[in-house]
Amino acid sequence: MELSVFFKSVIDSDSAPIVICNKEHEIIYMNPTAVERYYKRGGAKLIGKSLLDCHNAESNQKIKTVLEWFGKSSDNNKIFTFRNLKENKDVYMIALRNELGELIGYYEKHEYRSCETAMPYEKI
């Protein structure tokens, strides 16, 4: 089985929305959580569209600036973008690179800060 199947499975099983874009800001993939979360904005119909169409001018400029920063060095891979107090999470932009370290795109990473409430191995 191809490794890409495993990577897709990891992305699809994540409980946080994951929207993957290429360097031209085209949405190339949304995991099921992202499709559901952005349903009112078009859900899966956003795939193939520009992420920039989903944001205001100020946010678009920040996205472009971060993408430029990612391109300056293969060490520039993660940047904190904002804190969402309502959902108790920090949000980052993450660079995506090929095997040669070349920038190929980016995605937004949501890191929730709430402690787990389930007991370990509760569901088995």
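An account of the accompanying structure is given in this report. Just so we're clear, the structure is a prediction, and the values are computed from it rather than from any experiment. (Residues numbered from 1 in each chain as written. Predicted model: local features only at pLDDT ≥ 70, side-chain atom pairs only at ≥ 80, totals over all residues. Heavy atoms only, no water.)

Some points on the overall build of the protein
Of the regular secondary structure elements, the protein holds 3 helices and 5 strands. The order of α-helices and β-strands along the protein, N terminus first, is α-β-β-α-α-β-β-β. Considered along the principal axes of its C-alpha atoms, the protein spans approximately 45 × 40 × 30 Å. Counting the 124 residues in the protein, one finds 30% classified as buried. The contacts in the protein between residues at least 6 apart in sequence include a share of 33% that link residues at least 24 apart. In the form shown here, the protein has an accessible surface area of approximately 8,900 Å², with 55% of it arising from carbon and sulfur atoms. (Helix = DSSP H or I, 4+ residues; strand = E, 2+ residues; numbered from the N terminus. Buried < 20%, exposed > 50% of the residue type's maximum accessible area, 1.4 Å probe, protein only. Contact = heavy atoms within 4.5 Å. Areas by Shrake-Rupley, 256 points an atom, 1.4 Å probe, with all protein chains shown as cover.)

A closer look at the pattern of salt bridges
In total, this model carries 8 salt bridges according to the counting rule given. For Glu-87, the salt bridge is made with Arg-37, and the minimal N-O distance between the two is 2.6 Å. In this pair, Glu-87 sits in the loop between β3 (78-84) and β4 (89-97) while Arg-37 sits in helix α2 (residues 32-37), placing the two residues 50 residues apart along the sequence. The closest approach of N and O atoms between Asp-90 and Arg-113, which form a salt bridge, is 3.0 Å. You can see Asp-90 sitting in strand β4 and its partner Arg-113 sitting in the segment after β5 (103-112), a full 23 residues away along the chain. The exposure class assigned to Asp-90 is buried, which follows from its relative accessible area of 13%. (Salt bridge = Lys/Arg side-chain N within 4 Å of Asp/Glu carboxyl O.)

A few points about helix α3 (residues 57-72)
Given a rise of 1.5 Å per residue, 16 residues ought to cover 22 Å, and the 23 Å separating the end C-alpha atoms of α3 matches this to within 8%. Within the sequence span of α3, burial applies to Asn-60, Ile-63, Val-66, Leu-67 and Phe-70. The buried residues of α3 occupy one face: seen down the axis, they fall within an arc of 125 degrees. Opposite the buried face of α3, at more than 90 degrees from it, the exposed residues are Ala-57, Glu-58, Lys-62, Glu-68 and Lys-72. (Expected span 1.5 Å × (residues − 1). Arc of directions from axis to C-beta.)

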